[in-house]
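Examining the three-dimensional arrangement
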Amino acid sequence: MAPAALLPLLVAILRLAAAAAPAASSAEAGCGANTTLAGYKADLRMSQHQLRGRVEVLDGCSFRVAGLDLLPGSASARWWRADGTDLDALSRGDAAAADPLDRTFRSESLVFRLLPGLSWPQIPVLAAYDPLTSSLFGFVRLPSSDANASSSDPPSPSPSSSDSGVSAAAAAEAPTMLESCAELSPRFRVRWTLNEANNSVDIGLEAAAGSEYYMAFGWAAPGASQPSVVGADLVVAGFTEDGLPFADDYYVTKYSDCLLRDDDGSAEGVCPDSIYAGRNGDTDSASAAGRLAVNGTRLVYGHRRDGVSFVRFSRPLAPADDKLDVAVNATRNMTVVWAIGLLRPPDSLRPYYLPLVSRGGASSPGTAFAFSNLNLSNAAGGCVGPLDADDKEDQARITAERKTPLVVTVGPALHYPNPPNPGKVLYINKKEAPLLRVERGVPVIFSVEAGHDAPLYITSDPVGGNATSRNTPEVVYAGGAEAEGVPAAPTELVWMPDRNTPDLVYYQSLYDQKMGWKIQVVDGGLSDMYNNSVLLDDQQVTFFWTLTGDSINVAARGEKKSGYLAIGFGSAMVNSYAYVGWVDGNGKGHVKSYWIDGKDGASVHETHENVTHKRCRSENGAIIFEFTRPLNPSCSGKVECKNIIDPTTPLKVIWAMGAQWSTGPLSLKSMHSDTSNRPIRILLLSGLAEAVEDLRPVLAVHGFMMFVAWAILLPGGIMAARYLKHAKGDLWFQAHTYLQYSGIAVMLLGVLFAVAELRGFSFKSRHARIGAVTFTFACVQPINAYLRPHNTENRERSSGNRILWEYLHHFTGRSAAIAGIVALFTGLQHLGHRYGSKNIKGLTCWLILWFLSLALLTAYFEYMAIKRRRDGADGLSGKWVLGNTEEDDTVDLLQSDRVVSKMESNSSPEPKEVQLEPLTR
């Protein structure tokens, strides 16, 4: 026999010897003195590192772990003893065995010996734990080993060939442990435990795939001459966008995406059972409700760990629904169907998580589909070792950009990547403990708003919470006790990674452990290639650009996983120019330009813009694409020729993401699953950006008040002074005074509302500058009227001050009226630019009609005034001040009691006799 052939035999002999030696040595050392738990077996509950195995207590100081699967930890990882599984309890514990857990264990059966001086009563919880990173791999709880142990805490039964299934308690304690396993592909496995007595089978689907992928498994329709997916009864499992597991029954009528016919509402394709119920000719509502009620799949458990998805569910062997579900014979080989592919999130048309079915072309990356044979009665152990995903990081990713602050807050720990979870964790840009990526030489700006009890610091310690206090060495790169703040008063922390900064550091809280996560430090990136960058709405997409002569270089990077990424220039996707980047099934990147004039696939029209230097790639599932295009297309007669970018005008940018895109005609599978809620206005020259906000109610009140002041009250006051002087008494004066002062008062209130809402004065916009001029002229008028010089008596020549005042009053009045009208129109224009209001054109038209109506009314009054002068209706003449052409302007506009005296002095040149008589009764 060749020496190479003897190697496996020698390894097996050495393992048997190692397993027997501890048992012998324990007996010699008196380990059997405490054998209360001898023979106790329990399954390990996985926390991370794909830990699986069955713990068996051999004697008072040793235990065996059978079928041990584990991804490697650090050199400090050990079997650990603790009082509980929370962070504080594990921190108080210490090692239970000396053997390190720093390598990959592949379905091995090993015996471990407790450290000297330890016994089972001192180990309530036996855990696989790494104290260096405070990482819990998994654990098993041991019953009390006192005299009453047999009655109070009986050992949990283990699933074996003699058991009919796994108990509910065992499934709750170790939901990832099932009896049998079959490897369907190198990255997809199915585990199961048969429970024939209860007419059910527990199935666990396990795949080394991203969270955006589904796992499908089920039985093909029996009796077919060759395997077919049509008629198959599938369970599609995966995770929602919130990280919650799901497992639903699906039935296949056609190998295609799930579609609903417009003519009769029937469904076809790979669709949930709940869609078929009540459709496809079944008009009996009671029958439909019944089918919904007997949906056989029941979700048991699910998690995402180390880049691996695991979902466990239970289904009956003989389902009640014989139309949509396939009966499973547990004692014979049956054809099963399995698949992995991209998952379409729910949208407005289909409120379900649906698998994307690839057909007629290259499939998406990571997609797999096949048939296999499976006999549930055969306890298969075909899965060796843990699944090892290439990308083990499930957390959201954020790349820090130059001049873009990262907002640090605090929130609940929902999906913390390193169990045991703390009570609260740090959020960056609304993402829970994301993986942060920074570039050397690029300043990182943190806006710390996590509270006074959670100061931020950058450290070499993966646990944080001031490692120095735990006698653990650490290097602090930035932050500290002073880097704390609240939303009302945030603190800015600036950190500059340099060439001496390690590739991996951590952001943590100074006072509490395990609140932050990793920071990857890299060399160069998009920030070095482009001059400017901004985060678009909802902080899911970063937009980069550089202006070079008569062209613009653009890049867009998604901050989460997707099948495609689209950015659009416009206020909404409809009537916008869009650029889409995606990677096909062959790994080739594409960038295409489109004009969108509707909401369906037929309204997305590919254009032929002069787009050059196109690149697209996927990094950890996130799409990044780049292109260059001219600012002003050199063409005419085509829709893309109108896609002009003016660097001096704010550019409105929106985004969308989806699961799948293609170069051919688009269908519902290309519908976006996530999109921006509002556009971002980008100032290309300055590199600044702001969100296009909804119209604030206070600013709407400001606009209405200005309309009342400058379109109703102030024009009314001017017209009263010009056209009502033929009326008896001082009606014209009262109307003029009250309308003018009321208009100015309303104008002041409108200005105060705007200033209060915008928190100060700002003269950046044209509307604000014209409004300031209007406000100045309006405030001069009442001051001017108060300082008015008196006119001379008996028609003497007016003084120089009087003549100067008349010209000034004339000029400021007309200027204020003209500036006020212009301010109203610029205000509507500013409203359209800033808030994207769809009613701007209509409001502008109504405002124009309003002023045309005032012009017609003025023309009518002017005609009547000319007619009165022609007919000699009044003989008054004088100079026009503020529109006065009918009466000698010899009255003080602020003193109405002088009107009568002036008229009496000018009414007749001859003296009059007045006879006075005493009043008697």
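The structure contained in this document is the topic of the report that follows. (Residues numbered from 1 in each chain as written. Predicted model: local features only at pLDDT ≥ 70, side-chain atom pairs only at ≥ 80, totals over all residues. Heavy atoms only, no water.)

1. Details of the overall build of the chain
Basically, it comes down to this: Elements are defined by DSSP. Helices are runs of H or I of four residues or more, strands are runs of E of two residues or more, and each kind is numbered from the N terminus. Each residue is placed in one exposure class: buried if its accessible area under a 1.4 Å probe, protein chains only, is under 20% of its type's maximum, exposed if it is over 50%, and partly exposed if it falls in between. The contact definition used throughout considers only heavy atoms, calling two residues in contact when any of these lie within 4.5 Å. The accessible surface values rely on the Shrake-Rupley method and a 1.4 Å probe; as for residues, cover is taken only from the protein chains in view.
A count of helical and extended segments in the chain gives 13 helices and 47 strands. Burial analysis of the chain (921 residues in total) assigns 48% to the buried set. Counting contacts in the chain only where the partners sit at least 6 residues apart, residues at least 24 apart contribute 63% of the total. If you sum the accessible surface of the chain, you get close to 44400 Å²; carbon and sulfur atoms cover 56% of it.

2. As for the sheet that holds strand 12 (residues 200-207)
The cut-off we apply is this: Paired strands, as defined in this entry, are two strands with at least two bridges between them according to DSSP. Axis definition: a line fitted to C-alpha atoms, limited for helices to the stretch in contact. Angles are taken between N-to-C directions and run from 0 to 180 degrees.
Strand order in the open sheet formed by five strands is 10-11-12-20-19, with antiparallel pairing between adjacent strands. Of all the strands in the sheet, the pair left with one neighbour each is strand 10 (180-185) and strand 19 (298-305). Taken over all neighbouring pairs, the strand axes of this sheet differ in orientation by 15 degrees on average, direction set aside. Two strands pair when backbone bridges link them, and strand 10 and strand 11 (residues 188-195) are joined in this way by five bridges, in the antiparallel orientation. Within strand 11, the position partnered with Glu-183 by the bridge is Arg-189.

3. What about the pattern of salt bridges?
Quick note on the threshold: Throughout this description, the term salt bridge denotes a Lys or Arg side-chain nitrogen within 4 Å of a carboxyl oxygen of Asp or Glu.
One pass over the full model with this rule turns up 30 salt bridges. In this structure, the salt-bridge partner of Arg-312 is Asp-202, at a minimum N-O distance of 2.9 Å. Residue Arg-312 is found in strand 20 (residues 308-316), and its partner Asp-202 is found in strand 12; the two are separated by 110 residues along the sequence. The buried category is assigned to Arg-312, whose relative accessible area is 0%.

4. What about unusual backbone geometry?
Of note, the bond from Pro-419 into Pro-420 is cis; its omega dihedral lies within 30 degrees of zero at 0 degrees. On the secondary structure map, Pro-420 appears in the loop between strand 25 (406-412) and strand 26 (424-428). Its identity is not glycine, yet Gln-539 carries a phi of approximately 55 degrees, on the positive side. The topology assignment puts Gln-539 in the loop between strand 35 (532-535) and strand 36 (541-548). What makes Gln-539 partly exposed here is its relative accessible area of 23%. With phi around 50 degrees, His-613 is a residue other than glycine that occupies positive phi space.

5. Brief notes about the packing of aromatic side chains
To describe a pair of aromatic rings, one takes the distance between the centres and the angle between the planes. Put simply, the rule reads: Between rings of Phe, Tyr and Trp, where Trp is taken as its six-membered ring, a pair exists when centres lie within 6.5 Å; planes separated by under 30 degrees are stacked, by over 60 edge-to-face, and by other angles tilted. The criterion for a charge sitting over a ring is simple: Lys NZ or Arg CZ within 6 Å of the ring centre, and within 35 degrees of the ring normal.
Evaluation of the coordinates by the stated rule reveals 26 aromatic pairs. With a centroid separation of 5.5 Å and 25 degrees between ring planes, the pair formed by Phe-63 and Phe-112 is classed as stacked. Linking Phe-63 in strand 4 (residues 62-70) with Phe-112 in strand 7 (residues 105-113), this pair joins segments that are 49 residues apart in sequence. With a centroid separation of 5.6 Å and an interplanar angle of 40 degrees, the aromatic rings of Tyr-723 and Phe-861 are classed as tilted. Residue Tyr-723 is found in helix 8 (residues 697-723), and its partner Phe-861 is found in helix 12 (residues 840-870); the two are separated by 138 residues along the sequence. For Tyr-723, a relative accessible area of 7% puts it in the buried group. Members of the aromatic cluster, each reached through a chain of ring pairs, are Phe-63, Trp-79, Phe-112 and Trp-120. Between the NZ or CZ atom of Arg-52 and the centre of the ring of Phe-310, over which it lies, the distance is 5.5 Å.

6. Description of helix 12
In plain terms, the rule: Helices are assigned an expected span. That span is 1.5 Å times one less than the residue count.
Across its 31 residues, helix 12 extends 45 Å between first and last C-alpha, which sits within 8% of the 45 Å expected from 1.5 Å per residue. Inspection of helix 12 places Ile-840, Leu-847, Phe-851, Leu-854, Ala-865 and Arg-868 among the buried residues, and these make up the whole buried set.

7. Looking at the pairing of strand 12
Judged by how many residues are buried, strand 12 sits mostly within the fold: eight of eight residues are covered. Because side chains alternate across strand 12, one face comprises the buried residues Ser-200, Asp-202, Gly-204 and Glu-206, and the other comprises Val-201, Ile-203, Leu-205 and Ala-207, equally buried. Linking strand 11 back to strand 12 in an antiparallel pair, the connection comprises four residues, with Asn-199 at a positive phi of about 55 degrees. When strand 12 meets strand 20, the two strands line up antiparallel, connected through eight bridges. Considered in strand 20, the bridge of Ala-207 is made with Ser-309.

8. Thoughts on the pairing of strand 19
Here strand 19 pairs with strand 20 via seven bridges, running antiparallel. In the strand pairing of strand 20, Tyr-301 is matched with Arg-312. Linking strand 19 to strand 20, which pair antiparallel, is a turn of two residues; within it Asp-306 sits at a positive phi near 55 degrees.

9. Observations concerning the state of the cysteines
Note the cut-off: The disulfide definition used here is simple: a pair of cysteine sulfur atoms within 2.5 Å.
Under the defined criterion, the tally for this structure stands at three disulfides. Disulfide pairing places Cys-258 opposite Cys-271 at an S-S distance of 2.0 Å. Residues Cys-258 and Cys-271 share a disulfide whose torsion about the S-S bond is about 110 degrees; that sign makes it right-handed. Of this pair, Cys-258 sits in the loop between strand 15 (245-252) and strand 16 (259-260) while Cys-271 sits in strand 18 (residues 270-272); the two residues are 13 residues apart in sequence, bridging distant segments of the chain. With its sulfur 2.0 Å from that of its partner, Cys-635 forms a disulfide with Cys-641. In this structure, the disulfide formed by Cys-635 and Cys-641 twists by about -130 degrees around the S-S bond and is classed as left-handed.

10. Considering a nonpolar patch on the surface
The line we're drawing: Only residues above 30% relative accessible area that lack a salt bridge enter a patch, with like-charged residues linked at up to 9 Å and the nonpolar side chains Val, Leu, Ile, Met, Phe, Trp and Tyr linked at up to 5 Å.
A cluster of nonpolar side chains, contributed by Val-701, Leu-749, Leu-752 and Phe-753, occupies part of the molecular surface with about 340 Å² of accessible area. A per-element tally of the nonpolar patch places helix 9 (residues 731-758) first, with three residues. Structurally, Leu-752 is set in helix 9. Residue Leu-752 is classed as exposed on the basis of its relative accessible area of 55%.

11. Digging into the environment of Ile-445
One can find Ile-445 in strand 29 (residues 444-448). Look at Ile-445 and you get buried, because its relative accessible area is 17%. In the structure, Ile-445 is positioned 48 residues away from Leu-493 in sequence and 5.8 Å away in space, judged by C-alpha atoms. Not counting residues within four places of it along the chain, the set of residues in contact with Ile-445 comprises Lys-403, Thr-404, Pro-405, Leu-406, Glu-492, Leu-493 and Val-494.

12. Considerations on the sheet that holds strand 42 (residues 612-619)
Strands in a sheet are paired, the pairing made by backbone hydrogen bonds, and the direction either parallel or antiparallel. Spatially, five strands are ordered 35-36-37-43-42 in an open sheet, and the strand pairing comes out antiparallel. Of all strands in the sheet, those with a lone pairing partner are strand 35 and strand 42, marking the two edges. The mean angle between the axes of side-by-side strands here comes to 15 degrees, regardless of whether they run parallel or antiparallel. Across seven bridges, the pairing between strand 37 (residues 551-558) and strand 43 (residues 622-630) is antiparallel. Counted as the bridge partner of Ser-551 is Pro-630 from strand 43.

13. Quick look at the nonpolar core
Quick note on the threshold: We call a set of buried residues a nonpolar core when its members are Ala, Val, Leu, Ile, Met, Phe, Trp, Tyr or Cys and they connect through side-chain atoms within 4.5 Å of each other.
Ranked by internal contacts, the top residues of the largest apolar core, which has 34 residues, are Ile-203, Leu-205, Phe-217, Trp-219 and Leu-376. Among the secondary structure elements, those contributing two or more residues to this core are strand 10, strand 11, strand 12, strand 13 (213-219), strand 14 (233-239), strand 20 and strand 21 (334-344). If you tally residues by element for this core, the top one is strand 21, at five residues. When near neighbours in sequence (up to four residues on either side) are disregarded, Phe-217 contacts Leu-184, Val-190, Ile-203, Leu-205, Asp-233, Leu-234, Val-235, Val-336, Val-337, Trp-338 and Leu-374. By size, the runner-up hydrophobic cluster in this structure holds 30 residues, among which are Val-408, Ala-450, Ala-483 and Val-505.

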